Amino acid sequence: MTEVFWFSEQPYGHVTDEDLAPYESGRMHFPNTHFDPEKAHVLYSNYHDQYALADEVGFDGIMSNEHHSSYWCMKPSVNVDAAVIAKVTKQVKIAMLGNVIALNDPVKMAEEIAMLDCISGGRIISGFVRGTAVETLHAGISPTENRDRFEEAHDLIVKCWTTPGPFRWEGRYFPHRMVNPWVVPIQKPHPAVWFPGTGSPESVIWAAKRMYPYMNLGSLLDLTKQLKDIYFETAREEGYEPGPEHFGYLIRCLVADTDERAQEVGRTFLWTEGHRQRGPVEFNDPPGYQSREALRIKMSRPTIGTGTIGRRMSYEELQDAHNIIVGSPETVINKLRYIKQTLDPGYMLIYGNEGNMAHEDVMRSVELLGTRVIPALKED
Amino acid sequence: MTMAHSAQRSTIAVGGVAVEMFSGGSGPPLLFLHGAGGNAGWQPYHEELAQSYTVYVPSQPGFNGTERPDWVYTITDVCHFNQALVETLGLEQYVLMGSSMGGWVAAEMAAMCRCNLKALILVGAAGIKPDKGEIAEIFMVSAQTRSNQRFYDISQVPNGEQYQRELTAEEQLVAHSNQEMASRLCWRPYLHNPSLPYYLGRVNTPTLLVWGRQDAIIPVECGEMFQQALPNARLEVIDHCGHSPALEKPGEFLAAVNGFLAGV
């Protein structure tokens, strides 16, 4: 059974290509004087209404995330967004994909996620992410430290959830001599942990070794299949039999009453696409951000690229590749069935709005997904 | 890489780590420490200094042909590694010269242990945060920006075209690896140690500070602050010159260095 999650990047949709063009990069250099808090207030309200509707119409979950210095994602804190989701919804699972744990104090992360699990009544799925390199740069931390900090933060968070306090943690990056978080999660031994990626096999292997479900964030289908194969190979080497419950896939998807209307609205999925990751390689993949091991694995599997980043495809090509799916309920059901048959994901994460898509169009899409598309997928 | 016939490339073991070393010349010892960009090997100014000194140009841990020991995370770690290198080489009353990040390392080494130092030469050295200006961003910028920052006027650099050509695949890997190590060592605090000016108050070693007046990476203000911090230091500022005086104004650079060394 495939579970279907709603996801919104929560873009600041007022930004245009013309705004972005003069700057060396679309993130670190693009000045925040383009941000109007009053407009953001309206957008946040809309996005929260979409969450509430997704819960009402039958989505299994809502996924959220976090980025920094990014006009296309107004969420510098996934935990704040998850707190909102917990209060505007009643049923859905809340998948945070996730906390950039290398850059924050892990004890506070463990406390906040435990608090969210208590508030939501045990609905939290706690994703841990390395973040894009810009997240690390924005935090003022050397990209060479991200991986080691991530590993230590992960171990300390899990220990906070599973080992009664107080205890001592003498790590290199996060030393604490007295750890005793009062709030611990409802879910035992702790909330499920997910791990996302776009194209790095090292991420897949890291997740598979820990039995953590791997969520592919919208890579092309052939690459995604290869990454899934790596997960399954690694899982079997580790001695367990993986299944759909270990694998999810993020798809840009919009449903309208007619194919024509969906085609029109869905074109916004390409909003400012040329600017999001634009910038020097020193921002997107600075020396030391990837491990030597990651480079070695990539060299040994020459067919594996870097996901969709860096490869520009047209709207039509992306639809042909099932990377963007737009249409009437019937069209979308058929295309999502193709993805189910191809990847057999346990989780379909619907990346459901973008840029300045009208709130009414997105609400209608949520409604049609919930009332028409999801029931059809569940019948399969 | 420039290699005159008087220099040799070798590998020496320091505490179990294989250190890549260029050395040549004869006379009293002079140890040269390279900057964050890595070890460019035996250069014409090394060759000139080798007329009067035995010149040692090691690749610092994690740079070029020297592996990074697991324990080396900071500039302080590099300094301790280098003290072991000095002992391994058996250097007595040596001249310590460092450029840019290497100048920072040299200043910290002098503060740690100056009894064996004959003289200290810091060239466009990192290590002190300027009060008025800023040390330029060298990591979160494009390669083109980084290249533009280095020289005041590349047309006056002998063989300047070698700094503008496209790197070979192998050179790119080395440059990537050097930048990774420099990021590890210099990220935060950025290219300085807030305590260094206080350490330097005790360093009475004869010291020459050489700066390009138009240094666009480490402003000449830092040279002035080094001079204030060090009780026995002289600052030579070279006009129409950027961050690498030894490359951009080799004649004036060597005149300043030789004049200083003749007096110590």
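Sequence order as written defines the numbering, with residues in each chain counted from 1. Here every chain gets a letter starting at A, and every ligand a number starting at 1, in the order they are written. Where local features are concerned, this predicted model is filtered to residues with pLDDT of at least 70; where side-chain atom pairs are given and counted, the filter is 80 or more; whole-chain, interface and lining totals use all residues.

### Thoughts on the overall build of chain B
Which entries qualify depends on this criterion: Helical segments are the DSSP runs of H or I of at least four residues, strand segments are the runs of E of at least two, and each set is numbered from the N terminus. As defined in this context, the radius of gyration uses C-alpha atoms, and a globule is described by 2.2 Å times the residue total to the power 0.38. Counting other C-beta atoms within 10 Å of a residue's own tells you its class, since 20 or more makes it buried, 12 or fewer makes it exposed, and anything in between is partly exposed; those C-beta atoms are placed from the backbone. Placing a C-beta atom from the backbone of each residue, one calls two residues in contact when those atoms lie within 7 Å.
Helix and strand counts for chain B come out as 9 helices and 8 strands. In terms of overall size, chain B behaves like a compact globule, its C-alpha atoms giving a radius of gyration of 17 Å where 264 residues would be expected to give roughly 18 Å. For chain B, the spread of C-alpha atoms along the principal axes amounts to about 45 × 40 × 35 Å. For chain B, the residues scored as buried account for 48% of the 264 residues in total. Taking contacts inside chain B between residues at least 6 apart in sequence as the whole, the part at least 24 apart equals 73%.

### Focus on the sheet that holds strand β3 (residues 29-33) of chain B
Residues and elements named next belong to chain B. Spelled out, the test is: DSSP calls a pair of strands paired once it identifies at least 2 bridges connecting them. To get an axis, fit a line to the C-alpha atoms, keeping to the stretch in contact for a helix; angles then go from 0 to 180 degrees between the N-to-C directions.
Taken together, the 8 strands give an open sheet; going across it, the order is β1-β2-β4-β3-β5-β6-β7-β8, and neighbouring strands pair in mixed fashion. Taken across any chain shown, the strands that pair with only one partner, and hence form the sheet edges, are β1 (7-14) and β8 (233-238). Taken pair by pair, the neighbouring strands of this sheet meet at an average axis angle of 20°, ignoring direction. Two strands pair when backbone bridges link them, and β3 and strand β5 (residues 94-99) are joined in this way by 4 bridges, in the parallel orientation. Bridge pairing links L30 to V95 in β5. The strands that helix α3 (residues 101-112) touches are β3, β5 and β6 (117-123); relative to β5, the one it contacts most, it runs at about 140°. The strands touched by helix α9 (residues 250-262) within the sheet are β5, β6, β7 (207-212) and β8, with β7 carrying the most contacts at an inclination of about 170°.

### Side note on helix α4 (residues 106-119) of chain A
Residues and elements named next belong to chain A. Put simply, the test is: For a helix, the expected span equals 1.5 Å multiplied by the number of residues minus one.
Under the 1.5 Å per step criterion, the end-to-end length of α4 is 20 Å for 14 residues, consistent within 8% with the ideal 20 Å. Burial analysis of α4 places 10 of its 14 residues in the buried class, which makes it a mostly covered element. By the burial criterion, the buried members of α4 are P106, V107, M109, A110, E112, I113, A114, M115, L116 and D117. The first or second residue beyond α4 is G121, which carries a positive phi of 70°.

### Here's the deal with the nonpolar core
The cut-off we apply is this: Structurally, a nonpolar core is described as a collection of buried Ala, Val, Leu, Ile, Met, Phe, Trp, Tyr and Cys residues joined by way of C-beta atoms within 7 Å.
Counting residues in each nonpolar core, the largest one holds 89 residues, and the members touching the most others are F5, I62, I94, I251, L349 and I350 of chain A. One finds V95, W211, C222 and M225 of chain B within the second-largest nonpolar core, a separate group that totals 86 residues.

### Some words on the packing of helix α7 (residues 201-209) of chain A against helix α8 (residues 221-238) of chain A
Residue and element names in this part refer to chain A. Going by this rule: Left-handed describes a crossing in which the near helix is turned anticlockwise from the far one by less than a right angle; the clockwise case is right-handed. As a working rule, the residues Ala, Val, Leu, Ile, Met, Phe, Trp, Tyr, Cys and Pro are called nonpolar, Asp, Glu, Lys and Arg charged, and the rest polar, with Gly in that last group.
Packing of α7 against α8 brings their axes to within 8 Å, and their N-to-C directions diverge by 35°. Classified by chirality, the crossing of α8 by α7 is right-handed. Each of P201, V204, I205, A207, A208 and K209 in α7 lies in contact with α8, whose residues at this interface are L227, I230, Y231, T234, A235 and E238. Looking at the contact of α7 with α8, its residues break down into 9 nonpolar, 1 polar and 2 charged.

### Some details on the confidence of the model for chain A
Spelled out, the test is: One number per residue, pLDDT, summarises how confident the predictor is, and it ranges from 0 to 100.
Averaged over all residues, the pLDDT of chain A equals 94, while 95% of them reach at least 70. Low confidence marks residues 302-310 of chain A, where pLDDT is under 50. Its contacts with residues over four positions away, or in another chain, come to 19 contacts.

### Some details on the interface of chain A and chain B
The interface of chain A with chain B comprises 12 residues on the first partner and 11 residues on the second. Looking at the side of chain A that touches chain B residue by residue, the classes come out as 7 nonpolar, 4 polar and 1 charged.

### A short note on the pairing of strand β4 (residues 54-58) of chain B
Residue and element names in this part refer to chain B. Operational definition: A right-handed crossover is one whose linking path, passing over the helix from the first strand to the second, runs clockwise when the strands point away from the viewer.
Of all 5 residues making up β4, 4 are buried, and the element is well covered by its neighbours. The sheet contact formed by strand β2 (residues 17-25) and β4 spans 5 bridges and is antiparallel. The residue bridging G25 from the neighbouring strand is T54, located in β4. In this view, the connection linking β3 to its parallel neighbour β4 by way of helix α1 (residues 44-49) has right-handed handedness.

### A few points about the environment of G25 of chain B
All names here are of chain B. Checked against the element boundaries, G25 lands in strand β2. Separated by 85 residues in the primary sequence, G25 and A110 place their C-alpha atoms 24 Å from one another. If we skip the residues at most four places from it in the chain, G25 touches S6, L49, A50, Q51, Y53, T54 and V55.

### Some points on the packing of helix α2 (residues 37-57) of chain A against helix α14 (residues 359-379) of chain A
When two helices pack together, their arrangement is given by the angle between the helix axes and by the axis-to-axis distance. Residue and element names in this part refer to chain A. Quick note on the threshold: To sort the angles, those under 35 degrees are grouped as roughly parallel, those over 145 as roughly antiparallel, those from 65 to 115 as roughly perpendicular, and the leftovers as oblique.
The geometry of α2 relative to α14 is characterised by a closest axis approach of 9 Å and an angle of 15° between their N-to-C directions. Between α2 and α14, the crossing angle belongs to the class labelled roughly parallel. In this structure, the crossing between α2 and α14 has a hand that is right-handed. Residue-level inspection shows N46, Q50, L53, A54 and V57 of α2 in contact with α14, the latter providing H359, V362, M363, V366, E367, G370 and T371. Residue classes in the contact of α2 with α14 are distributed as 6 nonpolar, 5 polar and 1 charged.

### Thoughts on the environment of G131 of chain A
Residues and elements named next belong to chain A. Residue placement: G131 occurs in the loop between β4 (124-129) and α5 (133-138). Accessibility expressed as a C-beta count within 10 Å gives 23 for G131, which makes it buried. For G131 and E66, which are 65 residues apart along the polypeptide, the C-alpha to C-alpha distance reads 8.3 Å. Once residues within four sequence positions are removed from consideration, G131 is found in contact with V100, L103 and T136.

### Description of α2 of chain A
Residues and elements named next belong to chain A. Helix length check: α2 (21 residues) gives 30 Å between terminal C-alpha atoms against 30 Å at 1.5 Å per residue, within 8%. Elements that come into contact with the buried residues of α2 comprise β1 (3-7), β2 (61-64), α3 (78-88) and α14. Positive backbone phi, at 110°, marks G58, one or two positions downstream of α2.

### What about unusual backbone geometry?
Residue G165 of chain A is joined to P166 of chain A through a cis peptide bond whose omega torsion reads -5°. A cis amide bond links R188 of chain B to the next residue, P189 of chain B, at an omega of -5°. Turning to its location among the elements, P189 of chain B is positioned in the loop between α5 (169-186) and α6 (196-199). In this model, Q10 of chain A sits at a positive phi of 55°, which is unusual for a non-glycine residue. C-beta crowding within 10 Å serves as the criterion here: with 22 such atoms nearby, Q10 of chain A is assigned to the buried category. Located in the positive-phi region is D344 of chain A, a residue other than glycine, with phi close to 45°. Here D344 of chain A is to be found in the loop between α13 (329-343) and β11 (347-351). Residue classification places D344 of chain A among the partly exposed positions, given that 13 C-beta atoms sit within 10 Å.

### Digging into the environment of I119 of chain A
Residue and element names in this part refer to chain A. Topologically, I119 is positioned in helix α4. A C-alpha to C-alpha distance of 41 Å links I119 and Y315, two positions 196 residues apart in sequence. If sequence neighbours within four positions are ignored, I119 has contacts with A83 and A86.

### Observations concerning the confidence of the model for chain B
With 98% of its residues at a pLDDT of 70 or more, chain B shows a mean pLDDT of 96. Prediction confidence for the complex, expressed as pTM and ipTM, is 0.94 and 0.91 respectively.

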